Every structure is written in C-alpha cells, then in structure tokens.
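Read off the chains here:
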Amino acid sequence: MARTPVILDVDTGIDDAFALLFAVRHPDLELLGVTCVDGNTNVDQVVANTLKVLDAAGAGNIPVSRGAVRPLLGQSHYAEYVHGADGMGDLDGPASYRRVDQRGAVELLRDLIESSATPVALVPLAPLTNIALFLRSFPETAKKLQGIVLMGGSASAGNATPAAEFNIWHDPEAAAIVFQSGVPITMYGLDVFMRPGISAAEAERLQGSSDPAAVFAGSLISAFIERIGSPVTLGDAGAVMAVVAPELISFQNFDVVVDTSAGPARGQTICDRRPRLELEIEPLRLADSANVRVALDMDVEAIRQLWLETIDSHWN
Ligand code: RIB
Ligand code: CA
C-alpha cells in the first residue's frame, strides 16, 4: 500500500513529540516535513525541541522550518506550566547539530505540497498561525491537500478558558481562516484528546527498550509524571493516528465556527449539534453545510496499543 504523505505543524511540546515519533515510525506514513510555530513556547525553542525529537527518532533528514513568532493578532501565551520551562519536559540531553531549513514555514508547505505525487494530509498540532498564512499566501496549492486533520477545539468544554481549547484560543483569527477555507477538516479536539494515556509502568518499560526512540518517549513520559502526575495523555499523537487508523475513532459532521469576539467565548469552536428537524422554516445555520468532521469517541485501548507498538519495535 502507498504511504500517505503528511506534514506536521507543531509547537513541540511533550505530546507534539509523541506525534512526531509516531509519524516518523508508522510504516503507512511518509513524513515530508515539519513546520514550527509559536505556541506552547516560543518558536526558536519549538525548533530546537523538534530537531531534538527527530534526532532521537533517527530522522535527521526531514526538513524542519521556522514559522510565525506570534499570533496574527494579540499576544503569545505560553504553557510552561504544562510543558516545562523548555516547552518539552526539561529533559537534559544534547541540542541537535542540525540546521533549520532555509525556507520559512509557508514556503516549505508550498514546496512540499506542490512536489508530492499524491495529495498530502496536513496535520497541525498547534495554534493555526502558520496554516492561516499558508492558506492566504497559496490558496491554489491548498486545493491540492487531501485534507487538514488538526488537534484543536472542542465540541464541549475548553481548557485554556471554560470555552476554548488552547490551540484555537492562542490564535482565533487564524483558526477562523482555516475553518472557513473549504479544505476538508477533521477536528481532533478535547472530546477525545485526554483519553488515551500512558502509565508510569509503561513509561518505565519504554525506557528499558533497546530502541532509542522508545527510550526518548519513555523519558519524556516519566519526567512529566514526576512533575505533574499520571497517566500522561498521548494528546497530539491522536490526531496523527486519526490519519492512519480512522476506524478506531468515531466522528460526526457538524457546522463549526470559531468565536473571534473579545468576550468570554473567544476561541471557542461552536459546533452545531442540534438535531436536524424537518421544519418549514430552517433554523439559522452556522455554515452552509456540516463543514467539519469532529472526533467524539474512540477505542482507547486500540489507540494506546497502536502508539506503543509503533514507537517501540519490541513492544510485543
Ligand atoms: O490544548 C492542548 C494543548 O496541548 C495543545 O497545545 C496541544 O497541541 C497540546 O500540545
Ligand atoms: Ca501541540
């Protein structure tokens, strides 16, 4: 079977690291490149963290580019309280000797999508600033995408605020551009994000593996458990797994719009979950059609096993 070409847009991030390792390792995926954006931490730290993860995965040849340094409007809000002072668990270890790609994120996205023989799945795991800039810069290239499978949003409660999930709240205007773009969108949000977790015992087992990528993942998880507690969610990695194993996840299509007001709902992904009734006068819709495929449930154990088996070649 031909591999699906993917590009990840990241703010690495502990769970972005889980996603990167999975994308490098899964045999049905071809990771074409990685673009970095301001999010969990500043973009230069994101680049450094991303290169470190790819080194650990033995994937030093994958192009990594630096993208937006702040949201389209407003200020950055970093999440060191979750991801540590360096944005990735404060693990020791050498910095990567690799250089970042000379192209900016938007140009790298254009080049990789244009030169791919088959349509690319774009997987943003971070605030959508780079993706909005790309859509505005190269709309014709965007039409060649297979789709966007993003970690972000929620059809229920938020985490950054009662209403909004962090990635969307960090740059709501960018998110609004992406959701209105017409590119097929899958939203892997907080309704499923926290569900697949890795325990302390599993992290210890990964650390004892002879596979360097597994050891790296195990160390990240153990460090996180020491700081915050267990289990650790696979988080962003779930969105990449939604590309290779959609059958393990239940989706429903909804009209979704992003609240860009200055009020308490700023950054909320408002999902129209009202039942469709046959009424003479149609109720007001948020969008012209149910425009987003929203992940609502999953086979948690199967997702967990898929990640563990992919990261550690000796897991079974
Ligand atoms: O809202 C959850 C946050 O943690 C997001 O930034 C997500 O991408 C993860 O890194
Ligand atoms: Ca992330």
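For the structure itself, consult the block above.
Residues numbered from 1 in each chain as written. Chains lettered and ligands numbered in written order. Predicted model: local features only at pLDDT ≥ 70, side-chain atom pairs only at ≥ 80, totals over all residues. Heavy atoms only, no water.

A. How the structure looks around the overall build of the protein. Counting its secondary structure elements, the protein contains 13 helices and 12 strands. Against the compact-globule benchmark of 20 Å for 316 residues, the protein has a radius of gyration of 19 Å, which places it among compact chains. In the protein, buried positions account for 58% of the 316 residues. For the protein, the share of sequence-separated contacts (at least 6 apart) that also reach a separation of at least 24 residues comes to 81%. Element-wise, carbon and sulfur atoms account for 53% of the exposed surface of the protein, whose accessible area totals about 13,200 Å². (Helix = DSSP H or I, 4+ residues; strand = E, 2+ residues; numbered from the N terminus. Rg over C-alpha atoms; globule rule 2.2 N^0.38 Å. Buried < 20%, exposed > 50% of the residue type's maximum accessible area, 1.4 Å probe, protein only. Contact = heavy atoms within 4.5 Å. Areas by Shrake-Rupley, 256 points an atom, 1.4 Å probe, with all protein chains shown as cover.)

B. Fine view of the environment of valine 256. Looking at the element boundaries, valine 256 is found in strand β10 (residues 256-258). Put simply, valine 256 and aspartate 55 are 201 residues apart on the chain and 38 Å apart in space, counted from C-alpha to C-alpha. If we ignore the near neighbours within four places in the chain, the residues touching valine 256 are Phe179, Thr269, Ile270, Cys271, Asn291, Val292 and Val294.

C. Structural context of the site of ligand 1. Close to ligand 1 lie Asp15, Asp16, Asn40, His83, Leu125, Met151, Asn159, Glu165, Phe166, Asn167, Phe193 and Asp236, which account for all nearby residues. A distance of 2.9 Å separates an oxygen atom of ligand 1 from a polar backbone atom of leucine 125. Between ligand 1 and glutamate 165 there is a distance of 2.5 Å, counted from an oxygen atom to a side-chain nitrogen or oxygen. Burial of ligand 1 by the protein chains amounts to 94% of its free accessible area of 280 Å². Of all elements in the fold, only α1 (14-25) and α7 (166-170) reach the threshold of two or more residues within the shell around ligand 1. For the shell around ligand 1, the class distribution of residues is four nonpolar, four polar and four charged. (Near = heavy atom within 4 Å. Polar contact = N/O pair within 3.5 Å; in protein donor to acceptor, adjacent residues only side chain to side chain. Nonpolar A, V, L, I, M, F, W, Y, C, P; charged D, E, K, R; others polar.)

D. Examining the sheet that holds strand β12 (residues 292-298) more closely. With mixed pairing, eight strands are arranged side by side in an open sheet as β3-β2-β1-β4-β5-β6-β12-β9. Whereas interior strands pair on both sides, the edge strands pair on one side only; in this sheet they are β3 (64-66) and β9 (249-254). Going across the sheet, the axis of each strand differs from the next one's by a mean of 25°, ignoring polarity. Packed onto the sheet, helix α2 (residues 43-56) meets β1 (4-10), β2 (29-36) and β3 and runs at close to 155° relative to β2. (Pairing = 2+ DSSP bridges. Axes fitted to C-alpha atoms, helices over the stretch in contact; angles between N-to-C directions.)

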